Amino acid sequence: MVAIAATSASRLNSFNRIAPMSQVRVRFAPSPTGFFHIGSARTALFNWLYARHTGGAFVLRIEDTDTERNTPEALQALLDGMRWLGLDWDEGPEVGGDYGPYFQSERQAIYEEYLAKLTAAGRTYEKDGAVYFKLIGERYTEFDKYKNAELEKVRTEPVVVEDAIRGRVERAVEQDFVIRRSNGDFGFHFVNVVDDICMAITHVIRGEDHLSNTARHVELYRAFGVTPPVFAHIPLILKSDGKGKMSKRESGALIEEYVSRHFLAQAVRNYLCLLGWNPKDDSEVMPIAEIIERFDFPGINKDGARFDEQKLAHINTEYLRALPIETFTHLAAPVLVSAGLIDESTDEDYLQSVLALCQPKARDLASMPELVATFFSDTVEVDAAARERVYKKGDPAARLGELLPALEALDDWSEAGLEATFGQVAETNGQKPTAYFPITRLAVSGQGGGVPLFGLLAVLGKEKVLSRAKAHGA
RNA sequence: GUCCCCAUCGUCUAGUCAGGUCUAGGACACUGGAUUUUCAUUCCAGCGACCGGGGUUCGAAUCCCCGUGGGGACGCCA
């Protein structure tokens, strides 16, 4: 067990170096309900990062005791989400391991055994058909306002936890609690502690909502005569506006949303890393290897972080633009196919040159169809607002008229050739080259914005450009 | 209501442990400008915070106390 010192100063020193012989074992223990919540994903991520940082083991344990809600589909959704984020586990479903089974539903015999230990030690009693864990201390009754009832309470020694993130936390457990329900199911606190003991978990990294439960868990560890693991309670993800933590209903709360909106997994993962952790300098967009290298408890914050979809979108954009063009094409093509813009017959070189032109302007994959539509359409739909803006100034029709003959005569249909031609036409007519830009763009694409003009014309090709330009206003 | 945790720009955060180099740095967003008045790119600039009050100190964003605010827990849920 790694010794924890009380002050944050020593946190810096003791956690950066883990003795090689004491292998770190962390776990993510979700209950598969069919959705992969972003808060759960980040808890999984932090555990994974810590395991990879220390060279330890990342265990995936499925808390599937609730047979009503836990279906095979729900499990699959969870595993898919984990894999999408690139969070591979060393032990757990589909990979096995030496500390199985990794499904709580298959661990009943173990729980029976551990319950027997507590009972033998005189630390349990039955009430209303349920088994309670018995605390040690003076008993008294008190009226509880919140529950509006007379309760039996126990004066216990406060439990002191040296949390790896929050430092010293002290809390007393004042009521016995259920460890086995009257229907025979074991309770969360009990199975959680038993499993962590059996799986030799060294560090419990989980959400701050469990901080208050920790005293209960430590009481159980003590009753079993086992030294508790290191606890590290990470801050919660709060909703972007309003009060409280992110709930399932919040926009952006589920990993599935990002998959279906074509976000890049690496970008989502990078953003999640930054939500509650930082590398102590100005680095933000970093390869995962660097994050693993730098990730540790001292870099984790204590207060809850509001989820900011705009920042996520920005990081996603940065990743998108940094992609090699082949990868970008590989990712964008399916999106364009579903939008009905391209199919198997689409010329690959043409697609490649379109995407190469668009990548530096792309915001995200989901909006790619909008950006490239004009390259794959036979007709030009003129945007009314753009048209109004273009025609508000000067005499666009005249400019287009001046430009057309020159374009028709142009043999070198490249960006450079086009630029030269625009320059000549402008000079001849005593205009600035930019006087020709908006009307050309509008005539050819129907839009007021988009990719750079010369690139648009060059990639689209002479034939299409001329026919569209002639058709405009005709 | 009780207990626990937390508190720097609108948001994510650096700085807090070892008080002075902080007229508080970066990023997102926003606003303005530049890139031959094309453009969903790029660049530059601006805006913008130490929750309040006491205390300790020559000196406090940083240490202490009290308020206030925010979050969490208080299930025979996990």
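For clarity, every value in this text was computed on a predicted model and none was experimentally measured.

### What about the protein's contact with RNA strand B?
Point 1. Near RNA strand B, the surroundings consist of 62 residues, among which K147, R181, N278, E284 and K361 are the closest.
Point 2. Expressed as a percentage, the sugar and phosphate content of the atoms of RNA strand B within 4 Å of the protein is 68%.
Point 3. S182 is positioned with one of its side-chain polar atoms (N or O) 2.6 Å from a base oxygen of RNA strand B.
Point 4. Contact between RNA strand B and N301: a phosphate oxygen at 3.3 Å from a side-chain N or O atom of the residue.
Point 5. At the level of elements, α1 (8-16), β8 (167-171), α5 (188-198), β13 (305-306), α10 (309-322), α13 (368-372) and α17 (437-445) are the ones that each hand at least two residues to the surface near RNA strand B.
Point 6. Among the elements that take part in the surface near RNA strand B, α10 stands out by supplying four residues, more than any other.
Point 7. Its residues assigned to classes, the surface near RNA strand B shows 15 nonpolar, 18 polar and 29 charged.

### Thoughts on the environment of G299
Point 1. If you trace the backbone, G299 turns up in the loop between α9 (288-294) and β13.
Point 2. Once residues lying within four places of it in the same chain are set aside, the contact partners of G299 are G276, W277, N278 and K280.

### Considering helix α2 (residues 38-54)
Point 1. Compared with an ideal rise of 1.5 Å per residue, which puts 17 residues at 24 Å, α2 spans 24 Å between its outermost C-alpha atoms and is within 8% of the ideal.
Point 2. Buried residues dominate α2, accounting for 13 of its 17 residues.

### Describing helix α16 (residues 415-428)
Point 1. The terminal C-alpha atoms of α16 lie 20 Å apart, and with 14 residues this matches the ideal 20 Å at 1.5 Å per residue to within 8%.
Point 2. At the C-terminal side of α16, G430 shows a positive phi close to 65°.

### Thoughts on the packing of aromatic side chains
Point 1. Counted under the stated rule, the structure contains 16 aromatic pairs.
Point 2. Geometrically, the ring pair formed by F28 and F36 is tilted, given 6.4 Å between the ring centres and 50° between the ring planes. Like F28, the residue F36 is buried in the burial classification.
Point 3. The interplanar angle of 85° and the centroid separation of 5.1 Å between the aromatic rings of Y258 and F263 together place this pair among those described as edge-to-face. Assigned by exposure class, Y258 and F263 land together as buried.
Point 4. K117 extends its terminal NZ or CZ atom over the ring of Y114, reaching a point 4.1 Å from the ring centre.

### What to know about the environment of L457
Point 1. Its place among the elements puts L457 in helix α18 (residues 453-460).
Point 2. Once you skip the residues sitting within four places of it in the chain, L457 turns out to touch W413, L418, F422, T440, V444 and V465.

### Examining unusual backbone geometry
Point 1. In this structure, N148 is a non-glycine residue whose phi angle is positive, near 55°.
Point 2. Mapped onto the fold, N148 is located in the loop between β5 (138-144) and β6 (149-155).
Point 3. At A200, a position not held by glycine, the phi torsion is positive, near 55°.

### Things to note about the pairing of β5
Point 1. With seven bridges joining them, β5 and β6 adopt antiparallel strand pairing. What sits directly across from F143, in β6, is E150.
Point 2. Between β5 and β6, which pair antiparallel one after the other, the connecting turn spans four residues, and N148 there sits at a positive phi close to 55°.

### With respect to the packing of helix α15 (residues 396-409) against α16
Point 1. Running from N to C, α15 and α16 cross one another at 135°; their axes reach a closest spacing of 10 Å. In terms of their interaxial angle, α15 and α16 are classed as oblique. In this structure, α15 crosses over α16, and the sense of that crossing is right-handed. Residues E402, L403, A406 and L407 of α15 pack against L418, T421, F422 and V425 of α16.
Point 2. Of the residues contributing to the contact of α15 with α16, the split by class is six nonpolar, one polar and one charged.

### Section: the environment of G122
Point 1. For G122, the position within the fold is in the loop between α4 (108-120) and β3 (124-127).
Point 2. Judged by relative accessible area, G122 falls into the partly exposed class, the value being 35%.
Point 3. In sequence terms G122 and F133 are 11 residues apart; their C-alpha atoms lie 9.4 Å from each other.

The rules behind these values
- Residues numbered from 1 in each chain as written.
- Chains lettered and ligands numbered in written order.
- Predicted model: local features only at pLDDT ≥ 70, side-chain atom pairs only at ≥ 80, totals over all residues.
- Heavy atoms only, no water.
- Near = heavy atom within 4 Å.
- Polar contact = N/O pair within 3.5 Å; in protein donor to acceptor, adjacent residues only side chain to side chain.
- Helix = DSSP H or I, 4+ residues; strand = E, 2+ residues; numbered from the N terminus.
- Nonpolar A, V, L, I, M, F, W, Y, C, P; charged D, E, K, R; others polar.
- Contact = heavy atoms within 4.5 Å.
- Expected span 1.5 Å × (residues − 1).
- Buried < 20%, exposed > 50% of the residue type's maximum accessible area, 1.4 Å probe, protein only.
- Phe/Tyr/Trp six-rings, centres within 6.5 Å; stacked < 30°, edge-to-face > 60°.
- Lys NZ or Arg CZ within 6 Å of the ring centre and 35° of its normal.
- Pairing = 2+ DSSP bridges.
- Axes fitted to C-alpha atoms, helices over the stretch in contact; angles between N-to-C directions.
- Parallel < 35°, antiparallel > 145°, perpendicular 65-115°, else oblique.
- Left-handed = near helix turned anticlockwise from the far one by under 90°.

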